[in-house]
Amino acid sequence: QVQLVESGGGLVQAGGSLRLSCAASGRTFSSHVMGWFRQAPGKEREFVAAISWSDDITYYTNTVKGRFTISRDNAKKTVYLQMNSLKPEDTAVYYCAVQLDTRISRWSSDYDYWGQGTQVTVSS
(Lines give C-alpha, C1' and ligand atoms only; values in the text may rest on other atoms or scores of the structure.)
Protein backbone atom coordinates (compact mmCIF):
# COMPACT_ATOMS: atom_id res chain seq x y z
CA GLN A 1 0.00 0.00 0.00
CA VAL A 2 2.88 2.36 0.77
CA GLN A 3 6.01 2.75 -1.30
CA LEU A 4 9.08 4.60 -0.05
CA VAL A 5 12.03 5.81 -2.12
CA GLU A 6 15.17 7.22 -0.50
CA SER A 7 17.66 9.48 -2.22
CA GLY A 8 20.50 11.85 -1.41
CA GLY A 9 23.18 9.49 -0.17
CA GLY A 10 26.77 9.69 -1.29
CA LEU A 11 30.41 9.98 -0.31
CA VAL A 12 31.54 12.92 1.82
CA GLN A 13 34.50 13.82 3.99
CA ALA A 14 34.23 14.03 7.75
CA GLY A 15 32.64 17.31 8.76
CA GLY A 16 30.58 17.53 5.59
CA SER A 17 26.83 17.48 5.11
CA LEU A 18 24.20 15.52 3.22
CA ARG A 19 20.44 15.76 2.96
CA LEU A 20 18.48 12.56 2.54
CA SER A 21 14.97 12.52 1.12
CA CYS A 22 12.26 9.90 1.36
CA ALA A 23 9.21 10.19 -0.86
CA ALA A 24 6.11 8.23 0.07
CA SER A 25 3.39 7.16 -2.31
CA GLY A 26 0.29 5.03 -2.12
CA ARG A 27 -2.06 4.98 0.84
CA THR A 28 -0.78 7.29 3.53
CA PHE A 29 -2.44 9.22 6.31
CA SER A 30 -1.55 12.34 8.22
CA SER A 31 -1.24 10.39 11.48
CA HIS A 32 1.52 8.10 10.19
CA VAL A 33 4.96 8.27 11.75
CA MET A 34 7.96 8.34 9.43
CA GLY A 35 11.40 7.40 10.62
CA TRP A 36 15.01 6.96 9.58
CA PHE A 37 17.13 3.94 10.45
CA ARG A 38 20.65 3.00 9.47
CA GLN A 39 22.63 -0.21 9.26
CA ALA A 40 26.40 -0.54 9.08
CA PRO A 41 28.11 -3.78 8.02
CA GLY A 42 28.01 -6.35 10.78
CA LYS A 43 25.69 -4.29 12.98
CA GLU A 44 22.01 -4.31 13.82
CA ARG A 45 19.69 -1.82 12.22
CA GLU A 46 19.76 1.32 14.36
CA PHE A 47 17.11 3.95 14.93
CA VAL A 48 18.17 7.45 13.90
CA ALA A 49 15.18 9.80 13.97
CA ALA A 50 11.42 9.91 13.55
CA ILE A 51 8.70 12.47 13.00
CA SER A 52 4.93 12.39 13.12
CA TRP A 53 3.34 13.34 9.83
CA SER A 54 1.25 16.22 11.14
CA ASP A 55 1.64 16.46 14.93
CA ASP A 56 5.07 18.17 14.98
CA ILE A 57 6.70 15.57 17.21
CA THR A 58 10.31 14.51 16.62
CA TYR A 59 12.76 12.18 18.31
CA TYR A 60 16.48 11.49 17.78
CA THR A 61 18.94 8.93 18.97
CA ASN A 62 21.60 10.49 21.20
CA THR A 63 24.47 9.91 18.80
CA VAL A 64 22.99 12.22 16.15
CA LYS A 65 21.09 14.76 18.22
CA GLY A 66 22.39 18.25 17.51
CA ARG A 67 23.89 17.19 14.17
CA PHE A 68 20.90 15.72 12.31
CA THR A 69 17.51 17.30 11.72
CA ILE A 70 14.40 15.48 10.53
CA SER A 71 11.68 17.45 8.77
CA ARG A 72 8.72 16.88 6.50
CA ASP A 73 6.70 18.33 3.65
CA ASN A 74 3.15 17.10 4.10
CA ALA A 75 1.98 18.24 0.69
CA LYS A 76 4.72 16.22 -1.02
CA LYS A 77 4.54 13.34 1.46
CA THR A 78 8.29 13.59 1.81
CA VAL A 79 10.51 13.37 4.87
CA TYR A 80 14.05 14.72 4.99
CA LEU A 81 17.11 14.05 7.09
CA GLN A 82 19.62 16.89 7.12
CA MET A 83 22.95 15.51 8.30
CA ASN A 84 25.66 17.96 9.36
CA SER A 85 29.09 17.45 10.92
CA LEU A 86 29.21 13.94 9.56
CA LYS A 87 31.58 11.44 11.14
CA PRO A 88 33.01 8.17 9.81
CA GLU A 89 30.83 6.41 12.38
CA ASP A 90 27.78 7.64 10.44
CA THR A 91 28.70 5.43 7.49
CA ALA A 92 25.78 3.09 6.82
CA VAL A 93 22.86 2.34 4.57
CA TYR A 94 20.05 4.67 5.59
CA TYR A 95 16.45 3.49 5.38
CA CYS A 96 13.20 5.37 5.75
CA ALA A 97 10.16 3.65 7.18
CA VAL A 98 6.49 4.20 7.96
CA GLN A 99 4.76 3.23 11.18
CA LEU A 100 0.98 2.91 11.13
CA ASP A 101 0.64 4.30 14.64
CA THR A 102 0.59 7.80 16.01
CA ARG A 103 3.22 7.13 18.70
CA ILE A 104 6.89 7.30 17.76
CA SER A 105 8.86 4.09 18.22
CA ARG A 106 12.60 3.44 18.00
CA TRP A 107 12.14 -0.27 17.31
CA SER A 108 12.39 -1.40 13.71
CA SER A 109 9.85 -4.16 14.33
CA ASP A 110 7.18 -1.53 14.93
CA TYR A 111 7.50 -0.11 11.43
CA ASP A 112 5.37 -1.49 8.63
CA TYR A 113 6.86 -0.26 5.35
CA TRP A 114 10.48 0.23 4.32
CA GLY A 115 12.43 1.76 1.50
CA GLN A 116 15.39 0.09 -0.18
CA GLY A 117 17.97 2.33 1.44
CA THR A 118 20.58 4.83 0.33
CA GLN A 119 24.31 4.52 1.04
CA VAL A 120 26.07 7.18 3.10
CA THR A 121 29.85 6.94 3.30
CA VAL A 122 31.91 9.36 5.38
CA SER A 123 35.67 9.30 4.88
CA SER A 124 38.26 10.45 7.39
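Up top is the structure.
Reference entry: report on the structure contained in this document.

Reading the values: rules and limits
- Residues numbered from 1 in each chain as written.
- Predicted model: local features only at pLDDT ≥ 70, side-chain atom pairs only at ≥ 80, totals over all residues.
- Heavy atoms only, no water.
- Phe/Tyr/Trp six-rings, centres within 6.5 Å; stacked < 30°, edge-to-face > 60°.
- Helix = DSSP H or I, 4+ residues; strand = E, 2+ residues; numbered from the N terminus.
- Buried < 20%, exposed > 50% of the residue type's maximum accessible area, 1.4 Å probe, protein only.
- Lys NZ or Arg CZ within 6 Å of the ring centre and 35° of its normal.
- Disulfide = S-S within 2.5 Å.
- Pairing = 2+ DSSP bridges.
- Axes fitted to C-alpha atoms, helices over the stretch in contact; angles between N-to-C directions.
- Salt bridge = Lys/Arg side-chain N within 4 Å of Asp/Glu carboxyl O.

Applying the stated rule across the entire model yields five aromatic pairs. Between Phe-37 and Tyr-111 the ring centres are 5.0 Å apart and the planes differ by 80 degrees, which places this aromatic pair in the edge-to-face class. In this pair, Phe-37 sits in strand β4 (residues 33–39) while Tyr-111 sits in the loop between β9 (92–99) and β10 (113–114), placing the two residues 74 residues apart along the sequence. Each of the two residues, Phe-37 as well as Tyr-111, counts as buried. Seen from the ring of Tyr-95, Arg-45 lies directly overhead, with NZ or CZ sitting 3.9 Å from the centre. A cation over a ring is seen here: Arg-45 above Trp-114, with NZ or CZ 4.8 Å from the ring centre.

This part covers the state of the cysteines. Applying the stated rule across the entire model yields one disulfide. Two residues share a disulfide in this structure: Cys-22 and Cys-96, whose sulfurs sit 1.9 Å from each other. Because the sign of the S-S torsion sets the handedness, a value of about 60 degrees for the bond joining Cys-22 and Cys-96 places this disulfide among the right-handed ones. Here Cys-22 is found in strand β3 (residues 18–26), whereas its partner Cys-96 is found in strand β9, with 74 residues between them in sequence. Judged by relative accessible area, Cys-96 falls into the buried class, the value being 0%.

Attention now moves to the sheet that holds strand β8 (residues 78–83). Picture the strands of a sheet paired through backbone hydrogen bonds; they go either parallel or antiparallel. A sheet is described by the order of its strands in space; here four strands give the open sequence β1-β3-β8-β7, paired in antiparallel fashion. Each edge of the open sheet carries a strand with a single partner, namely β1 (2–7) and β7 (68–73). If you compare each strand with its neighbour and ignore which way they point, the axes differ by 15 degrees on average. Pairing between β1 and β3: six bridges, direction antiparallel. Across the sheet, residue Glu-6 finds its bridge partner in β3, namely Cys-22.

To continue, consider the side chain of Ser-105. The topology assignment puts Ser-105 in the loop between β9 and β10. For Ser-105, a relative accessible area of 8% corresponds to the buried category.

Our focus in this paragraph is the pattern of salt bridges. Summed over the entire model, instances satisfying the criterion amount to three salt bridges. The closest approach of N and O atoms between Glu-46 and Arg-38, which form a salt bridge, is 2.9 Å. Classification of Glu-46 as partly exposed rests on a relative accessible area of 29%. When the shortest N-O distance is used, the salt bridge between Asp-90 and Arg-67 registers 2.8 Å. With a gap of 23 residues between them, Asp-90 in the loop between β8 and β9 and Arg-67 in the loop between β6 (58–60) and β7 connect regions that are remote in the sequence. This pair shows no difference in class: Asp-90 is buried, exactly as Arg-67 is.

On to the environment of Gly-42. With respect to the secondary-structure elements, Gly-42 resides in the loop between β4 and β5 (46–52). Counting along the chain gives 39 residues from Gly-42 to Leu-81, while the straight-line C-alpha distance between them is 23 Å.

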